[in-house]
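Single-letter residue listing:
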Amino acid sequence: DFIIAVMSVVIMVMSYIRTIITKKENGGQYMKVLYNIVLTLVIIGALNWLLIGLFKFDIVATLFGQISVLSRIVYTLVGLSGIVSIGIYSKINA
């Protein structure tokens, strides 16, 4: 329950930040940076799943510990990046 509450707050904050960024003059430049960060995190997540699927090797758990705070942060950021990536579909279809 705590994790769901924290993720909900993080999603709300990211949405608020995106709203602020897009209202600024150079909003497009900030969104470009955000999308580059998001894409990088999604790729990291995809490569981690590839390693898990092929070799049963979780690189995030290896680097930061099985269920450590840092591992949970990385997993949360990758998951949130996946959610933000949904918005990229509108850019593709534009």
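Residues numbered from 1 in each chain as written. Predicted model: local features only at pLDDT ≥ 70, side-chain atom pairs only at ≥ 80, totals over all residues. Heavy atoms only, no water.

Novice: Just checking my understanding: could you explain the overall build of the chain for this structure?
Specialist: Across its full length, the chain holds 5 helices and 0 strands. What you see in the chain, going N to C, is helices and strands ordered as α-α-α-α-α. For the chain, the residues scored as buried account for 16% of the 94 residues in total. Accessible area of the chain: about 7200 Å², with a carbon and sulfur share of 72%. (Helix = DSSP H or I, 4+ residues; strand = E, 2+ residues; numbered from the N terminus. Buried < 20%, exposed > 50% of the residue type's maximum accessible area, 1.4 Å probe, protein only. Areas by Shrake-Rupley, 256 points an atom, 1.4 Å probe, with all protein chains shown as cover.)

Novice: What is the right way to look at helix α4 (residues 69-85) in this model?
Specialist: At 3.6 residues per turn, the α-helix brings residues three or four places apart onto the same side. Between its first and last C-alpha, α4 extends 24 Å over 17 residues, near the 24 Å set by a 1.5 Å rise per residue. Those residues of α4 that fall on the buried side of the exposure criterion are S71, V78, L80, S81, V84 and S85. (Expected span 1.5 Å × (residues − 1).)

Novice: Please clarify how unusual backbone geometry should be interpreted in this entry.
Specialist: Where the residue is not glycine, phi is negative for most of them; where a peptide bond is considered, it is trans in most cases. In this model, K56 sits at a positive phi of 55 degrees, which is unusual for a non-glycine residue. Tracing the backbone through its elements, the reader meets K56 in the loop between α2 (27-55) and α3 (59-64). The exposure class assigned to K56 is exposed, which follows from its relative accessible area of 80%.

Novice: Just checking my understanding: could you explain the side chain of S71 for this structure?
Specialist: Tracing the backbone shows S71 in helix α4. Excluding residues that lie within four positions of it along the chain, S71 makes contacts with V60, A61, F64, G65 and Q66. (Contact = heavy atoms within 4.5 Å.)

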